[in-house]
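Here's the letter readout for the chains.
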Amino acid sequence: MEVVRYALVVIAGYLLGSFPTGYIVARGLKGIDPRQHGSGRTGGTNILRSAGKQAAFLTVIGDFAKGLLPVLLARAVVGTDMAAVWAGLAAVLGHNRSIFLRFRGGAGSMTNVGVVTALAPHVGPFMAIAGIGTAVVSRTASIASIATAVVMLVATVASFLLALSPPAVVAYGVLSCALIIFELRPNIERLRNGTERRVENY
């Protein structure tokens, strides 16, 4: 029975993460397919560029919720830290590789923030400082996403060492950081080449 409950929360996490928030918002507000614009992703940055601020705001809220809800569900249904971690990872994977968008999506950054908020809320402020600070200084979304993921990893390890979080949270930090960095490979290549787009005023 435990295995079945684990499987259910992981599947639910993936499906919730797969919900194509950015795609639906862009289609509904602007009548466009964000996959045909900019980076082709459905996360907040590309929605901002392709569909504007209102669409981007709604996308960010939706993507955050897609990470938050699976962890809360896993805690309610299974009640273990590891179940919450697997559900959160499934949500990030679902956002990045949505079953509803032919396994396309975003890079997982905001969904990851939602997961961490439910999993280890004391880590969230450090991620926010890193993400907002690097975004303001660099005006580059990919740098902000990388900084947020790396700080999350460091903060989850520190949290465990200070006995504030269980080992499962460290496992999440390592695996989620790896998922996000993997999805940002094209951006990292453009950063190396000096061709990465900056986020200007929209």
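Within every chain, residues take consecutive numbers counted from 1 along the sequence as written. Confidence filtering applies because this is a predicted model: local features only for residues at pLDDT of at least 70, side-chain atom pairs given and counted only at 80 or more, and all residues used for totals across whole chains, interfaces and linings. The side-chain values count all of the structure's non-hydrogen atoms but skip hydrogen atoms and water molecules.

> For this particular structure, what's the right way to read the packing of aromatic side chains?
The geometry of two aromatic rings is summed up by the distance between their centres and the angle between their planes. For Phe, Tyr and Trp, where Trp contributes only its six-membered ring, two rings pair if their centres lie within 6.5 Å, and the inter-plane angle classes them as stacked under 30 degrees, edge-to-face over 60, or tilted in between. Taken as a whole and assessed by the stated rule, the structure comprises zero aromatic pairs. Any Lys NZ or Arg CZ found within 6 Å of a ring centre and within 35 degrees of that ring's normal is scored as a charge over the ring. Above the plane of the ring of F182 lies R185, whose end atom (NZ or CZ) is 3.8 Å from the centre.

> I'm lost on the layout of surface pockets in this one. Help?
Gaps left between atoms show up when a probe the size of a water molecule is rolled over them. In the cavity and pocket records, a cavity denotes points on a 1 Å grid over the protein atoms alone where a 1.4 Å probe fits but cannot get out, a pocket denotes an open set with protein on both sides within 12 Å along at least 5 of 7 lines, and lining residues are residues with an atom within 4 Å of a point. Grid points are joined across faces, edges and corners, and a volume is the space filled by probe spheres set on the points. Within this model, the largest pocket holds a volume of roughly 1200 Å³. Residue lining of the largest pocket: 46 residues in total, with G44, T45, A141, A144 and S145 positioned closest to the centre. Those elements giving two or more residues to the lining of the largest pocket turn out to be α3 (44-51), α4 (53-77), α6 (109-119), α7 (124-138), α8 (141-161) and α10 (185-193). The helix and strand labels rest on DSSP assignments: H or I over at least four residues marks a helix, E over at least two residues marks a strand, and numbering proceeds from the N terminus. A total of seven residues in the lining of the largest pocket trace back to one element, the largest contributor, which is α7. Amino acids outside the nonpolar list (Ala, Val, Leu, Ile, Met, Phe, Trp, Tyr, Cys, Pro) and the charged list (Asp, Glu, Lys, Arg) are all regarded as polar, and Gly is one of them. Here the residues of the lining of the largest pocket sort into 16 nonpolar, 21 polar and nine charged.

> Where do I start with the nonpolar core in this structure?
Side chains of a nonpolar character, in soluble globular proteins, are inclined to be buried together. Counting 28 residues, the largest nonpolar core has L119 and Y172 as its most contacted members. Counting residues per element, the ones that place at least two in this core are α4, α5 (81-96), α6, α8 and α9 (167-183). Considering every element that reaches this core, the biggest residue donor is α5, with six residues. The contact partners of Y172, leaving out residues within four places of it in the chain, are V85, G88, L89, V92, N112, V115, V116, L119, M152 and C177. We define a nonpolar core as any set of buried Ala, Val, Leu, Ile, Met, Phe, Trp, Tyr and Cys residues linked to one another through side-chain atoms lying within 4.5 Å. Think of it in three bands: residues with accessible area under 20% of the maximum for their type are buried, residues over 50% are exposed, and the middle band is partly exposed, with areas taken using a 1.4 Å probe on protein chains only. One finds V25, A26, I47 and A51 within the second-largest nonpolar core, a separate group that totals six residues. In this analysis, two residues are considered to be in contact whenever any of their non-hydrogen atoms come within 4.5 Å of each other.

> Please explain the environment of A171 as it appears in this structure.
For A171, the location among the structural elements is in helix α9. Using a relative accessible area of 28% as the deciding quantity, one classes A171 as partly exposed.

> Looking at this structure, how should I read unusual backbone geometry?
The backbone of R139 sits at a positive phi, close to 55°, despite the residue not being glycine. Inspection of the secondary structure assignment puts R139 in the loop between α7 and α8. Even without a glycine there, the phi angle at A163 is positive, about 65°. Within the secondary structure layout, A163 lies in the loop between α8 and α9. With a relative accessible area of 70%, A163 lands in the exposed category.

> Teacher, can you tell me more about the side chain of T111 here?
By the secondary structure assignment, T111 is in helix α6. The exposure class of T111 is buried, given its relative accessible area of 0%. Ignoring any residue separated from it by four or fewer positions in sequence, one finds T111 in contact with D63, K66, G67, A91, V92 and H95.

> Help me out: how do you make sense of α3 in this one?
Think of an α-helix as turning once every 3.6 residues; residues three or four places apart then point the same way. Within the span of α3, buried status applies to G44, N46, I47, L48 and A51. On its buried face, α3 sits against α2 (21-30) and α4. Residue G52 follows α3 closely and has a positive phi angle near 100°.

> What am I meant to see in α6 here?
Along α6, the residues classified as buried are T111, N112, G114, V115, V116, A118 and L119. Tucked inside the fold, the buried residues of α6 contact α4, α5, α7, α8 and α9.

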